[in-house]
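One-letter residues, chain by chain:
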Amino acid sequence: MCGIVAYIGPREAYPILIKGLKRLEYRGYDSAGVALLNGDLNIYKKKGKVSDLEEATKGKDTHSHLGMGHTRWATHGEPNDKNSHPHVSQSGDIAIIHNGIIENYGTLKEELINRGHEFKSDTDTEVLVHLIEDVQQNTGVALDEAVRLALQEVVGAYAIVIISKNDPTKMIGARKGSPMVVGIGEDGEYFIASDATPIIEYTKNVTYLNDGEIAFIKDGKLSVKTINNVEKTPYIETLEMNLEAIEKGGYEHFMLKEIHEQPRSIYDSLRGRFNPNTGSFAMRSLKEYEGKIKNLNRIIIVGCGTSWHAGLVGEYLFEDIARIPVEVEYASEFRYRNPVINEDDLVIAISQSGETADTLAAIELAKEKGATIFGLCNVVGSSIPRASHAGAYTHAGPEIGVASTKAFTAQVSILTLWAYGFAEIRGKATKEQLRNAFAEMETIPDKVKKALECEAQVIEIARTFSEVHNALYLGRGYGFPVALEGALKLKEISYIHAEGYPAAEMKHGPIALIDENMPVVVIATKGNIYEKVISNIQEVKARKGKIIAIVTEGDTKVRAMADYTIEIPETSEFLEPLVSTIPLQLLSYHVAVNRGCNVDQPRNLAKSVTVE
Ligand code: M6R
């Protein structure tokens, strides 16, 4: 939820921190701050964006070779200067940055107040840095040990970095439940960050900390141990990401870049995972879990937001193609509702970030009950794949815009492959069917490219609808999850109230909302229920609603009824969400731009929701 970055080494820390914070700003943008050690501990923090912090530090002393920075998504304490990180201990000598929530901070704070500690902020984080100093003073141990002992008292989730005025060659990082990666650079330099984006420019050698591990960096050396004092050998891996992937590349916004990247990201997600000539798969999850897949009773898909919508498409795919019963659950509901689940169930946890707290908790619950977990994530090395038994990465590349676009189509691509893979294992698909399906899947990147050509037309439509207050999105069958996703995109980045509905459900309530001011976006592509959707369009027209229809290339029937039609290439129903979602992403983007909204960083949202 918050972004953290830290540096120790021969370079100037401040520019690295500021650049890193800008890359992490997608995680939260309520406030930003840095702590820079240079004899003194200089702390600068400011409500607002990293650019506000930069402004505030103009002309100030930022010279340092050891520093850390934080960009905040507020949980405890309103977004203001005093609640911004870094926070310092009672003496002011130790500083902390933190991503996560210290759940027992209330009790700890009370005890510390009784021992004479005074707090300057309303945050849970400040309690932890006071506690560390308290432990150090009461036991006389070194900072390393004080951090370790203090963390033993903490309940909750954290990724923290600690630096101290009294230990100017040391940087300590620790994680539990929130992500942390350590970058190993040149000449004894080290980086710590919430993800690899602030590090990639300087080094590709990284190690991801596991839950309950603490990294100690001192005099150019890294050592890792657990909170329970067990030494660990860090596993150093090479990042595959490149710098271009995390820059805008000439686009005005990351979201637009990511929408346009979809022909490539779908291709990359599918690449090498099937052979269209033989009709065979190259997916470890299918190979290693063949026996499980053959015998499982049910699939439960968990996720949040857009990932949950991808899960709904997955439900249709698995039931249609593999004939396996599927339930799709909001992870946040699943985890608290005592679900019936056992070892014959397979849980598929979908998450772009791989860090969503509710999805992680749902996995833990399902694991406790004996289910097998497949993770479907985009961020390599994130917590959900690590907590899963098996799974697949989506290979969409970094998604930085808060509104998820290319992650959705990549998730749906893999779910489609799995549905066919499961079908083959369970004797529901022949090699010929697989070859045909693969042949069609190979055409999807080009069809998405073609669908993107509707942008000029979408810009015109967006002009007409930018001032509306409400919008309805309708779809049936595979068009229903797409309608939900289209509505979510519009509301999150343009702040227009939008609802996605199964088209036939409209007459059971939402039809009352329709008048001449209501834009109704309908997925009306050719397929099994095309004629039914046409009836639903007529119901809207009879009440003077404005129809924006997504239709199959060459369609004339809907064109005759709709106020606006956007054509997409014809494709089989199973694969249609991958194409029909494109104009909806573009529509929400251009409406939001017309309304002057901050597309990449919509208000109140964060890219990765690592709190409940
Ligand atoms: O990283 P995840 O896929 O687990 O994130 C889930 C949701 O928070 C996310 O999809 C959110 O709804 C997006 N802002 C949607 O665009």
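How each quantity is defined
- Residues numbered from 1 in each chain as written.
- Predicted model: local features only at pLDDT ≥ 70, side-chain atom pairs only at ≥ 80, totals over all residues.
- Heavy atoms only, no water.
- Axes fitted to C-alpha atoms, helices over the stretch in contact; angles between N-to-C directions.
- Helix = DSSP H or I, 4+ residues; strand = E, 2+ residues; numbered from the N terminus.
- Parallel < 35°, antiparallel > 145°, perpendicular 65-115°, else oblique.
- Left-handed = near helix turned anticlockwise from the far one by under 90°.
- Contact = heavy atoms within 4.5 Å.
- Near = heavy atom within 4 Å.
- Polar contact = N/O pair within 3.5 Å; in protein donor to acceptor, adjacent residues only side chain to side chain.
- Areas by Shrake-Rupley, 256 points an atom, 1.4 Å probe, with all protein chains shown as cover.
- Nonpolar A, V, L, I, M, F, W, Y, C, P; charged D, E, K, R; others polar.
- Buried < 20%, exposed > 50% of the residue type's maximum accessible area, 1.4 Å probe, protein only.
- Pairing = 2+ DSSP bridges.

Focus on the packing of helix α16 (residues 444-452) against helix α21 (residues 576-594)
- Direction vectors running N to C along α16 and α21 enclose 30°, while the axes themselves pass 9 Å from each other. Accordingly, the angle class assigned to the pair α16 and α21 is roughly parallel. The two elements α16 and α21 meet at a crossing, and its hand is right-handed. Only Leu-578, Val-579, Ile-582 and Leu-586 of α21 make contact with α16, whose side of the interface consists of Ile-444, Lys-447, Val-448, Ala-451 and Leu-452.

Some details on the site of the ligand
- Around the ligand there are 14 residues in total, and Ser-307, Ser-351, Ser-353, Thr-356 and Glu-492 lie nearest to it.
- Between an oxygen atom of the ligand and a side-chain N or O atom of Ser-351, the distance comes to 2.6 Å.
- In the model, an oxygen atom of the ligand is placed 2.4 Å from a nitrogen or oxygen of the Thr-356 side chain.
- Considered on its own, the ligand offers 410 Å² of accessible surface; in the complex 91% of this is hidden by protein.
- When contributions to the shell around the ligand are tallied by element, the ones reaching two or more residues are α10 (305-322) and α18 (479-494).
- When its residues are assigned to classes, the shell around the ligand shows four nonpolar, eight polar and two charged.

Looking at the pairing of strand β4 (residues 66-72)
- Taken across its seven residues, β4 has seven buried, putting it largely inside the fold.
- Bridge count between strand β1 (residues 3-8) and β4: six bridges; the pairing is antiparallel. In the sheet register, Tyr-7 faces β4, and the bridge partner there is Gly-67.
- Across seven bridges, the pairing between strand β2 (residues 31-38) and β4 is antiparallel. Paired with Gly-33 across the bridge in β4 is His-70.

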